[in-house]
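Notes for the structure review
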Amino acid sequence: MAMSARDLDKREFFFGHKACAGCGGSLAVRIALKVLGERAVSVLPAGCMSAVGFNFPQLAFTNNAFITPFAATASVMTGIEAGLRQRGIDDFQVVGFAGDGGTADIGLQALSGAIDRGDNILYICYDNEAYMNTGIQKSGLTPYGAKTTTTPYKGSRRHKKDMLAIVAANGVDYAASASIGYLEDYIRKIEKAAGITGTKYIHVLAPCPVGWGFKTDETVDIAREAVDVGAWSLREYENGEWKLNREPSRPQDLELYMKRQGRFKIEKQYQEENNYAGE
Amino acid sequence: MVERLAEFVEDGSLDAEFIHVESEHSALSAAMGASLAGVRTFTATSSQGLLYMAEVLTYAAGGRFPIVMINANRSLALPWNIYGDQRDSLSLLDSGWIQAYAENAQEVLDLTLMAFRIAEDTAVRVPFMVNLDGFHLTHTYEVVDVPTKEQIDKILPDYDPGENQIDFENPRSFGFTAGPEWNASFHKAHHEAMLHAWNVIDRAENTFHAVFGRRYSGGVDAYRCDDAEYVLVTLGSVSGLCRQVADSLRESGVKAGVLRLRYLRPFPDEAIRKVLSSAKSVAVLEKDISFGGAGTVFTNVRSIVPAKLNVIGGLGGADISAAQIAGIFESLQAGESGVKWL
Ligand SMILES: Cc1ncc(C[n+]2csc(CCOP(=O)(O)OP(=O)(O)O)c2C)c(N)n1
Ligand code: SF4
Ligand SMILES: [Mg+2]
């Protein structure tokens, strides 16, 4: 039966962590674990969510959880899944929570390996569109025009990699994009993925007030608006078929979406070069 | 090695899961995940592959996962070279793994069996790297006594993952950040476990002897060192030739001895001190150089005894001849010191 936000598990599996106020990533982790429950084994590479969740002795996960090398989310998940199965245990879900850098850049090879093996794992990329934990450096998922500490004036000159297309091309069993601004959709996709045996990939947009430059109470709204204006799409890939789950409702407001965020405020002298229509 | 294991798994003679990985980094990461899940794990690598997994070595060690890994000691790029030397593992001595060095194929097999027992001991819980010389031990044939399952059962108990495993009744965080106030306590416990491993190694070797009749000697293997004036310290497959040379020197009245290091971590400092305390002068022969310094084995040995001469040889698979070894003893007699290249 489809789960909704109302009948989510009341228990918390990720709390008492040190994420900043308004952190989209921590919401993505928290909600996913409420869907998956106590049989989930969490795997987190270096990144904000591991940095805020594993501060000995202040450990924030109440399920089994493991911190991994930056590049090793998928391969550690593989090992855990194989090991538990070897022990004769079968009612569990290994779930990874890796950032955009940990997924689209350094962890891509290991993810490809896991898809190639068809390992029964659920890989969730929480995408805050830069290397936030180390100070907002550009990643392969930083969008065009966004300023980061390594694209300081002109903003990123590259578009985001299309991770969904990449995992689909690798032969993933199920892939979906989501946004923490559309929780019901995110919850449905996690629940669906958990019911599929095979390699599952969910890419959830998880805005970061610190790195994007917006107020801490705007996170969910920004995450929602990203979908509404078409800066992000809610898609699903299954059995070789693509599905768009939601049409952008107000594509004309893309500029408004960008103006709300400090990262798109490109200095005047670079605006033209950046082909940016902002102020 | 892994090809043969794949055969065992596919023909059903080994009840194990064989994971095909796309890199060494992933190989050790998957082994770590499986170890965390509560099963016995093994992997193998060599040379650049070992360096590629270097990051994961410290995770596996700090996470106290009793993984056993065989490393075929091979040269490092650049320049490219596919033959043996010991620069790969020696450059990673500080990664927190037990490191043993075998002399021949039989010892590789025997060490690997004991490695599981030592690494998995509840008081140790440190991953174990069995090193063997590339080419000399990996690509040559030797007659080896292969143990039976019954024999193995006598020295290797069923796997007991202890507390360091996923438990759905008592879920935990494994691996975490430990700030300055906690950090050292974890490393100190790890260090002490490594030191404690000597007792476990000793027990494992005693049991091994009782079952197989072969006696191993812990951290070092001393040959004619009791009254030796000139001792050559070395490791790995070249040791046999060194002993032969010592024998012939003895015949001509030179009191020569050979000390083979079997373990580099934990470091057999007490054993080295004991064996070498009465030697007149000591040389270290190794297939390694820490550029701008000296050989890593030499530096370690010299922290215990005043070894003078460090001979660097066998790099990139270069042959080490009996005449060259005899030359090292001559250099010792002539009072030479410093780093010398064969
Ligand atoms: C091999 C390696 N390189 C660099 C780092 C340092 N590091 C830790 S977290 C991080 C950034 C992670 O970015 P992302 O995956 O996007 O996650 P976020 O911090 O944004 O949540 C980096 C570079 C590391 N831990 N390991
Ligand atoms: S920097 Fe951003 S992603 Fe990281 S904890 Fe803070 S809000 Fe979350
Ligand atoms: Mg990020």
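Residues numbered from 1 in each chain as written. Chains lettered and ligands numbered in written order. Predicted model: local features only at pLDDT ≥ 70, side-chain atom pairs only at ≥ 80, totals over all residues. Heavy atoms only, no water.

Examining the site of ligand 2
Taken together, the neighbourhood of ligand 2 is formed by Ala19(A), Cys20(A), Cys23(A), Cys48(A), Asn128(A), Cys208(A) and Pro209(A). The residue makeup of the shell around ligand 2, split by class, is 6 nonpolar, 1 polar and no charged. (Near = heavy atom within 4 Å. Nonpolar A, V, L, I, M, F, W, Y, C, P; charged D, E, K, R; others polar.)

Concerning unusual backbone geometry
Along the chain, Phe56(A) connects to Pro57(A) via a cis peptide bond; the corresponding omega equals 0°. Along the polypeptide, Pro57(A) turns up in the loop between β2 (54-55) and β3 (58-59). Leu78(B) follows Ala77(B) through a cis peptide bond whose omega is -20°. Of note, Leu78(B) is situated in the loop between β2 (68-73) and α5 (87-90). For Arg125(B), which is not a glycine, the phi torsion comes out positive at approximately 55°. (Helix = DSSP H or I, 4+ residues; strand = E, 2+ residues; numbered from the N terminus.)

A closer look at the site of ligand 1
Ligand 1 sits among 17 residues. The nearest are Gly101(A), Gly102(A), Tyr126(A), Met132(A) and Asn133(A). Proximal residues around ligand 1 fall on chains A and B, making this an inter-chain site. Contacts to ligand 1 include Asn128(A), whose side-chain N or O atom sits 3.0 Å from an oxygen atom. Take Met132(A): an N or O atom from its main chain is 2.9 Å from an oxygen atom of ligand 1. Burial of ligand 1 by the protein amounts to 76% of the accessible area it has alone, namely 580 Å². Tallied by class, the residues present in the shell around ligand 1 amount to 8 nonpolar, 7 polar and 2 charged. (Polar contact = N/O pair within 3.5 Å; in protein donor to acceptor, adjacent residues only side chain to side chain. Areas by Shrake-Rupley, 256 points an atom, 1.4 Å probe, with all protein chains shown as cover.)

Points about the coordination of the magnesium ion (ligand 3)
Residues and elements named next belong to chain A. At the metal site, the magnesium ion (ligand 3) is ligated by Asp 100 (OD), Asn 128 (OD1) and Ala 130 (O), and these contacts range over 2.0 to 2.1 Å. Read in sequence order, the donor residues coordinating the magnesium ion (ligand 3) give the pattern D-x27-N-x1-A. Taken together, the positions of Asp 100 in helix α4 (residues 100-105) and Asn 128 in the loop between β6 (121-127) and α6 (163-170) put the pair 28 residues apart, joining distant regions of the chain. (Donors = N, O, S within 2.8 Å, 3.2 Å for Na, K, Ca; no water.)

With respect to the sheet that holds strand β5 (residues 93-99) of chain A
In spatial order, the strands read β10(A)-β9(A)-β7(A)-β8(A)-β6(A)-β5(A)-β1(A)-β4(A)-β5(B); together these 9 strands make up an open sheet with mixed pairing. The strands lining the two open edges of the sheet, one partner per strand, are β10 (241-244) of chain A together with β5 (173-174) of chain B. Packed onto the sheet, α6(A) meets β7 (174-179), β8 (199-205), β9 (235-238) and β10 of chain A and runs at close to 175° relative to β8(A). Contacting β5, β6, β7, β8 and β9 of chain A, helix α7 (residues 183-194) of chain A runs over the sheet at an angle of about 160° to β7(A). (Pairing = 2+ DSSP bridges. Contact = heavy atoms within 4.5 Å. Axes fitted to C-alpha atoms, helices over the stretch in contact; angles between N-to-C directions.)

Topic: the domain arrangement of chain B
Residue and element names in this part refer to chain B. Each domain of chain B was delimited in the assignment, giving domain 1 (2-212) and domain 2 (220-341). On a C-alpha basis, the centroid separation for the pair domain 1 and domain 2 is 27 Å. Counting residues at the interface gives 29 residues for domain 1 and 29 residues for domain 2. Inspection of the region where domain 1 meets domain 2 yields 6 salt bridges. In this structure, Lys 287 and Asp 133 form a salt bridge, with 3.8 Å as the shortest nitrogen-oxygen distance. Counting the contacts that link domain 1 with domain 2 gives 15 residue pairs in polar contact (both at pLDDT 80 or more). Listing elements by their share of the side of domain 1 that touches domain 2, those giving two or more residues are α5, β3 (98-101), α6 (105-120), β4 (128-133) and α8 (180-212). Of the residues forming the side of domain 1 that touches domain 2, the biggest block, 5 residues, is contributed by α8. A per-class count over the side of domain 1 that touches domain 2 returns 16 nonpolar, 6 polar and 7 charged. (Domains from an automatic or database assignment. Salt bridge = Lys/Arg side-chain N within 4 Å of Asp/Glu carboxyl O.)

Considering helix α9 (residues 239-251) of chain B
Residue and element names in this part refer to chain B. If you check α9, its first and last C-alpha atoms are 19 Å apart, about what 13 residues at 1.5 Å a residue would give, namely 18 Å. For α9, the set of buried residues is Ser 239, Cys 242, Arg 243, Val 245, Ala 246, Leu 249 and Arg 250. Viewed along the axis of α9, the buried residues span an arc of 160°, placing them on a single side of the element. In α9, the exposed positions that point more than 90 degrees away from the buried face belong to Gln 244 and Glu 251. The elements touched by buried residues of α9 are β6 (220-223), β7 (230-234), β8 (256-261), β10 (281-286) and α12 (322-333). Residue Gly 253 follows α9 closely and has a positive phi angle near 90°. (Expected span 1.5 Å × (residues − 1). Buried < 20%, exposed > 50% of the residue type's maximum accessible area, 1.4 Å probe, protein only. Arc of directions from axis to C-beta.)

Looking at the sheet that holds β4(B)
All names here are of chain B. The strand order across the open sheet formed by 5 strands is β1-β2-β4-β3-β9, and the pairing between neighbours is mixed. Of all the strands in the sheet, just β1 (42-46) and β9 (263-265) have a single pairing partner and so form its edges. Averaged over all pairs of adjacent strands, the angle between strand axes in this sheet comes to 20°, irrespective of strand direction. In this sheet, β4 lies alongside β2 in parallel orientation, the contact comprising 6 bridges. Bridge assignment links Ile 70 to a residue of β4, and that residue is Val 130.

Some points on the interface of chain B and chain A
By convention, interface size is frequently given as the accessible area that disappears when the constituent parts associate. Taken together, the contact between chain B and chain A spans 39 residues of the former and 37 residues of the latter. For the pair chain B and chain A, the summed buried area comes to about 3000 Å², and 62% of that belongs to carbon and sulfur atoms. One salt bridge connects Glu22(B) with Arg117(A), and the closest N-O pair in it is separated by 3.9 Å. Between chain B and chain A we count 17 residue pairs in polar contact (both at pLDDT 80 or more) in total. For the side of chain B that touches chain A, the elements supplying multiple residues, two or more each, are α2 (24-37), α4 (54-62), β5 and α8 of chain B. Top element by residues in the side of chain B that touches chain A is α2(B). It accounts for 9 residues. (Buried area = accessible area lost by both parts, 1.4 Å probe.)

Thoughts on α6(A)
Residue and element names in this part refer to chain A. For α6, the complete set of buried residues consists of Met 163, Leu 164, Val 167 and Ala 168. Within α6, the buried residues cover an arc of 135° as seen down the axis, which keeps them to one side. Buried residues along α6 sit in contact with α4, α5 (108-117), β7, β8, β9 and β10. Looking at the residues trailing α6, positive phi occurs at Gly 171, about 95°.

Some remarks on a nonpolar patch on the surface
All names here are of chain B. A cluster of nonpolar side chains, contributed by Ile 82, Tyr 83 and Phe 135, occupies part of the molecular surface with about 320 Å² of accessible area. Tracing the sequence through the fold places Ile 82 in the loop between β2 and α5. Judged by its relative accessible area of 61%, Ile 82 falls in the exposed class. (Patch = residues over 30% accessible without salt bridge, like charges linked within 9 Å, V, L, I, M, F, W, Y side chains within 5 Å.)

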